[in-house]
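Secondary and tertiary structure notes
Next come the chains, spelled out residue by residue.
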Number of protein chains: 4
Amino acid sequence: QNRGRLLISCPDQPGIVSAISTFLADNNANIMESNQYSTDPKEGTFFMRIEFECPDLPTKEEELKTQFSLIAQTFSMDWKLKSVYDVKRTAIFVSKELHCLRELLFEWQSGDIITEIPLVIGNHEHARQIVESFGIPFYYIPASKENRAEVEEKQLELLKEYNIDVIVLARYMQILTPNFVAAHPSEIINIHHSFLPAFIGANPHKRAHERGVKLIGATSHYVTNELDEGPIIEQDINRVDHRDDVKDLKKIGRSIERTVLARAVKWHLEDRVIVFENKTIVF
Amino acid sequence: QNRGRLLISCPDQPGIVSAISTFLADNNANIMESNQYSTDPKEGTFFMRIEFECPDLPTKEEELKTQFSLIAQTFSMDWKLKSVYDVKRTAIFVSKELHCLRELLFEWQSGDIITEIPLVIGNHEHARQIVESFGIPFYYIPASKENRAEVEEKQLELLKEYNIDVIVLARYMQILTPNFVAAHPSEIINIHHSFLPAFIGANPHKRAHERGVKLIGATSHYVTNELDEGPIIEQDINRVDHRDDVKDLKKIGRSIERTVLARAVKWHLEDRVIVFENKTIVF
Amino acid sequence: QNRGRLLISCPDQPGIVSAISTFLADNNANIMESNQYSTDPKEGTFFMRIEFECPDLPTKEEELKTQFSLIAQTFSMDWKLKSVYDVKRTAIFVSKELHCLRELLFEWQSGDIITEIPLVIGNHEHARQIVESFGIPFYYIPASKENRAEVEEKQLELLKEYNIDVIVLARYMQILTPNFVAAHPSEIINIHHSFLPAFIGANPHKRAHERGVKLIGATSHYVTNELDEGPIIEQDINRVDHRDDVKDLKKIGRSIERTVLARAVKWHLEDRVIVFENKTIVF
Amino acid sequence: QNRGRLLISCPDQPGIVSAISTFLADNNANIMESNQYSTDPKEGTFFMRIEFECPDLPTKEEELKTQFSLIAQTFSMDWKLKSVYDVKRTAIFVSKELHCLRELLFEWQSGDIITEIPLVIGNHEHARQIVESFGIPFYYIPASKENRAEVEEKQLELLKEYNIDVIVLARYMQILTPNFVAAHPSEIINIHHSFLPAFIGANPHKRAHERGVKLIGATSHYVTNELDEGPIIEQDINRVDHRDDVKDLKKIGRSIERTVLARAVKWHLEDRVIVFENKTIVF
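Definitions and cut-offs
- Residues numbered from 1 in each chain as written.
- Chains lettered and ligands numbered in written order.
- Predicted model: local features only at pLDDT ≥ 70, side-chain atom pairs only at ≥ 80, totals over all residues.
- Heavy atoms only, no water.
- Least-squares fit on C-alpha atoms with pLDDT ≥ 70 in both.
- Contact = heavy atoms within 4.5 Å.
- Buried area = accessible area lost by both parts, 1.4 Å probe.
- Salt bridge = Lys/Arg side-chain N within 4 Å of Asp/Glu carboxyl O.
- Polar contact = N/O pair within 3.5 Å; in protein donor to acceptor, adjacent residues only side chain to side chain.
- Helix = DSSP H or I, 4+ residues; strand = E, 2+ residues; numbered from the N terminus.
- Nonpolar A, V, L, I, M, F, W, Y, C, P; charged D, E, K, R; others polar.
- Domains from an automatic or database assignment.
- Patch = residues over 30% accessible without salt bridge, like charges linked within 9 Å, V, L, I, M, F, W, Y side chains within 5 Å.
- Areas by Shrake-Rupley, 256 points an atom, 1.4 Å probe, with all protein chains shown as cover.
- Lys, Arg positive; Asp, Glu negative; His and termini not counted.
- Charge placed at Lys NZ, Arg CZ, Asp CG, Glu CD.
- Buried < 20%, exposed > 50% of the residue type's maximum accessible area, 1.4 Å probe, protein only.
- Pairing = 2+ DSSP bridges.
- Axes fitted to C-alpha atoms, helices over the stretch in contact; angles between N-to-C directions.

What about the relation of the copies chain A and chain D?
Superposing chain A onto chain D takes a rotation of 180° combined with a translation of 0.1 Å along the rotation axis, leaving an RMSD of 0.0 Å. In symmetry terms, the pair is related by a two-fold rotation axis. For chain A, the minimum C-alpha distance to the rotation axis belongs to Ser-18 of chain A and amounts to 2.6 Å. Of the interface residues in chain A, 100% have counterparts in chain D that sit at the interface too, so the contact is made through matching surfaces.

A look at the interface of chain A and chain D
Contact with chain A, which involves 17 residues of that partner, is made by 18 residues of chain D. Between chain A and chain D, a total of about 1400 Å² is buried, with carbon and sulfur atoms accounting for 55% of that surface. Our count for the contact surface shared by chain A and chain D stands at 0 salt bridges. At the junction of chain A and chain D, the tally comes to 5 residue pairs in polar contact (both at pLDDT 80 or more). Of all the secondary-structure elements, those providing two or more residues to the side of chain A that touches chain D are helix H1 (16-26) and strand E2 (30-38) of chain A. For the side of chain A that touches chain D, a count of residues per class yields 7 nonpolar, 7 polar and 3 charged.

Here's the deal with the domain arrangement of chain A
All names here are of chain A. As far as domains go, chain A holds domain 1 (3-83) and domain 2 (89-282). Using C-alpha coordinates to define each centre, domain 1 is positioned 31 Å away from domain 2. At the interface, 11 residues of domain 1 touch 7 residues of domain 2. Of the roughly 750 Å² buried where domain 1 meets domain 2, counting both sides, 57% is carbon and sulfur surface.

Side note on the relation of the copies chain B and chain A
For these two chain copies, the linking operation is a rotation about an axis paired with a shift along it. Screw-axis analysis of chain B against chain A gives a translation of 0.0 Å along the axis, an RMSD of 0.0 Å, and a rotation angle of 180°. Same-surface contact between copies: 100% of interface residues of chain B are shared with the interface of chain A.

Quick look at the environment of Pro-137 of chain D
All names here are of chain D. Looking at where Pro-137 falls in the secondary structure, it is placed in the loop between helix H4 (128-133) and strand E7 (138-140). Along the backbone, Pro-137 and Leu-119 are 18 residues apart, and their C-alpha atoms lie at a distance of 5.1 Å. Leaving out residues up to four positions away in the same chain, Pro-137 has contacts with Pro-118, Leu-119, Val-120, Val-131 and Tyr-162.

Describing a negative patch on the surface
Residue and element names in this part refer to chain A. On the surface, Glu-150, Glu-153, Glu-157 and Glu-161 cluster together into a patch of negative charge. Take Glu-157: it is sitting in helix H5 (residues 148-161). The class of Glu-157 is exposed, set by a relative accessible area of 53%.

Considering the sheet that holds strand E3 (residues 45-53) of chain D
All names here are of chain D. The sheet built from 4 strands is open, its strands ordered E2-E3-E1-E4 with antiparallel pairing. Strands at the two margins of the open sheet, each flanked by one partner only, are strand E2 (30-38) and strand E4 (78-83). Adjacent strand axes in the sheet meet at a mean angle of 10°, parallel and antiparallel pairs treated alike. In this structure, strand E1 (residues 3-11) lies alongside E3, joined through 9 bridges in antiparallel fashion. Bridging across to E3, Ile-8 finds its partner in Met-48.

In C-alpha cells form, the structure reads like this:
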C-alpha cells in the first residue's frame, strides 16, 4: 500500500539524481528499485524510474506531488508520481487466433500480470467463450476495411466508457486509423509475427520459409501510424530447420508471439517502458 | 580409417533407402549416422547423408564406387562416396578485423574443425602475424573496387595451385565478381554481420541501433551473385538493450559472428550442408 | 489416414535398415521421416523410428504386421507398427498449481498436442472449473501420505476404465508407490521444478536462491521408483539474477515448467522418446 | 581520462543515494551509469556502483576521496573511488587445456577485456608458446599434490612481485590451499566445467552423460576454501542429446567454459561483481 513509482524524463545535467533522492529521503521514502539512463550526458535526455516505499503514501500522495512539482520545474521534467496499487486498465482486442489472448488471461489470472481487464473486443465471435469464462465482458464488433470509421468510433466510445489506459492487440489483424492511434499515443501494444524489421507486413512465415531462415521471431511494439514501424518493446526468436514447413513455422511462431507479447504487456503495466523518439528504454 | 560418407540427392520415390541400405549391408558396412529429407514424397527431391564404417574401406573404395554407380543410375542420383579421412582443403580470406579468423584457427588447432588450411589471403597485412604463427602461409593481395579483376585472377590461381575446396570469407569485406563465384559454386562461405534478411548490406549495426531492435544477429551463408541473398547455413542472435550504442552492438556482434561462422564452416566440412534451390538442408 | 509409424529396437548388426526399408518399399510405403541411433555399432543396441505413408494403410495394417513379424524375428526386434491416427489416451494428474495443466489443455485445444484426454484427476478441487470448461470429466480424489494405497487403487481403476496410455503428473506433488509405477512403466511423465540433478527433491527454488545460481531450470522425466531419478526427457533453463527472490524464482520456474512439460508430453505422444537404461533417446 | 567509479556497500537506510548524488553533483560529476541493490530496505545491506565523468578527475581524485570519506563515515560505508583508467593487473593460471586461456588472450588483444596481464603461470609447458607469442612472460611451475606448499610460495611471490589484483584459473586443475585463498579473497576466479551445483567435483561430463541430461553447462565462481562452493559469478548451458558421447560433451563444454569465464572475468575487471555472503551481485 505504501509502494510508489516515480517516472521522470528531462534534459540531462548534473544534480538531477541528487535532487530527486534528497526529496525522497526528506520524505522518509526508501528506494526499492532505481533505474536511470541518459542518451548523452552532455546534451541528451535523462530518464529515471524509481520504486520506493513511503510510510502513509496513500494519505501523503497529493502533498508529495505538490512538493515534487517544484523540483520538476527546476529541471524541466516530464514526470509522474503514482501509487503502485493504482493499477492500469487494459482492453484486449482480438480476432480469430486466440493464443495471445489466452496467454494474457492466464498470466493475469495467476497474478503474473497485474491489471484490470474490463473488456475484450473481438471482430469475430471466436474469443467470446473463453473471455466470458473469465468473467470479462466480450464485445463483438465486426470490423473490416470497409467499416473502419464507424467501428473505431464504437471502440473509442467503449474505451472511454471503461476508462481504459492500455490497448493490447492480441493478433487483432486490423489496421488502425491515425485518428484511433492519436487517441492513445504509446498506449497501444501490438504483436507482430516476425522478427522486425525482417518480413514487415503480411505472411511473414511464408516469406521466412522461402528465404530459408534458421530462426524465426516475433516483435512486440507500440502502434504508430507507420505500419509495423513503431517503437519495439521486446523481441525473441526460436530455432527452425529445413524440416519445418510454413505450417510448422506458424506453430512455432505462435509460441514466441504469446511469450513476447505477455512480456511486453507486463513491462508496460509496470511502467518500465519509456518511448523516446522511435525506440524504447526498458528499465 | 574405415569411416566413409555417402551423399545423395535424387527424385523421391519408394525404394531408394532400401537400395542404399542393401548395398551397404552387402558390403558389410555398418551405418553410424543416417539423415534423410524429402521436399515432398510425391514429386519432390530426396536427400540423404550416411556415415558408415566399412572394413578395409581404403582398399575397397573404388570397387564400392563402381558398384554404387549402378544403383545411382537407376534412381537418377547425384551422389558422392568418400572416405572421411579425405579432408577438405580450406582457404580463408580476411581483411582488417580478425575475430572470425582467430576463432577458425583456434577451433582448427584444437581439432574441433577438421580441415587443411594451406593458405590465408588478406587484402591488408593485419592478419599476417597470427596466421604465420600457426605455420600457415599468408598472401597479401591489396584489393579494392578498382583492381577487382586482376586481384581475383591472382586469388583464383592460388586457389588452384593449393587445390582448395572451400573458401571462407572471414569478414573479407570485398564483393566477389560473378566470375569468381561461378568458379566455386556452393563453396564460398560468408559471414554477414546481421540477422538476414534484416539490415541487408552495409552498416547493419548502425541501422539496428536506429531501429531500436532488442536482438542482434549474424548469418552465415553461401555466396551467390545476389549480394547477401545466398542460401543461409546458420544464424544466431544475442540480446541487446537501450544502453548499447553502435559500438557495443558491433562488439556483441563480433561474438555472434565468429560463433556462427565457425559452426557453418564445421558443418560444411563434415558434408552436412546441402544446397537446394536457395536454401540449405543441414543434416 | 495412411500415415503409419514403425518403432524398433534390437541388437545392432549390418542389414537391419536394409531389411526394414526393403519391407516398406515392397509395400509401396514412402518414408516420410526416419531416425536411427545405435549405442555402439559393434555390440550395441539399435533404435529406429520411421514415419511412412502407405496406400490403404487402414485395411493393410494387419497384413503388414504379420509380414513384419518375420523380419522382427530374424533380428530379435522389439517393435511396434501403428497408425498415426490411433492416438494415445492421456490422463492428467494435478494438485493446486494449475500452470502446467493449463498449458497442456491449451496446446491440446489448439491442436499442437494430439491426444485424447478422457479425464483429469486432482487431489484438490482447484482444477475442476477449468477442466470441466474443456468438457473433460474431473475426478477429485483427496490424496496424502496416509491414504496412498486406497487412493492409488481408485486411480488405477479409473485409468483402466478409461483405457489410459499416458499419465502426466502436472505438478501433482504426491509420490507414487512402486505398485503404481510398475503398472505404467515408461508411461508416467513428471515435471520436476529444477534442473536435475541439481536440487533434487523439495524446495529447489529456495535452495537455488541460497546457492546464488544464475540460471534456474526444469526437468521432465519418466517416473521410476527412484525419486527424481527417472530417465530425463527434456530440460530447459531461464536466466535469473541477484534481484530475484525465492518468489520470483518460482514465478520464472513456472514458465519453464509448463514449456518443458508440454514439449516432453508432445514428444512422447508422437512416439519420439525411447527409454534405454536410465536415459532417453529423443528422435 | 575523467571517468571514475564509485563502489559502495553499507547498511540500508533512507538518504544514502541522496548523499552520494549530492556529493557528485557538487563536484560537477555527471553520472554515466548507476546501479543499486538492497538485500532488504528494512535492515538489509545496500550496494551501489556508479560510473561518472568528472572534469579534471586525475588531479581532483585525492580531494574527492578526502571529501567522500566523511559521507562514508556517516553511513558506515565500505567504499572505493577509483579512476577507470587505473586498470587491474591479472595473472592467469593454466595447465594443459588452453581453450580458456586463448579466449582470454583474444578478448584482451581485441580490447574487449581491459586489463594488464603481466604473467601467466603454468604447471605444464603447454601454454608457453601461445603466451609468449603475445609478449607475456610465462612461468613454468610444476605443481602436484605433493609439492603444493612450495609451489604456492613461489606463486605468491610472483603475484606480489608483479603486483597482481586478479587471479584467473583458466582450467588450472590444481586445488589451492586455504593459505593461498586467504591471500586473495574474492580475487581468484575459477571456471568449473559443470552447471553447479550439479556434478560438483571431477568428471562432470562423464557423470552428466551417465545421467542422460539434455543440457550441459559451466560455472564461473570465486574460489573459497569449500571446493566448488564459492560465490557464482556466471553460468551458461548448451543443449546436448543422446547422440553426444562423453567426448562430445567435453567439446561442447569447452565452448561454454571459455565464454562463461571470459564474461565473468570481464565483469570482475569492470568492478561489476560484488560478493555478499556466498552469492554475487552483478551490476
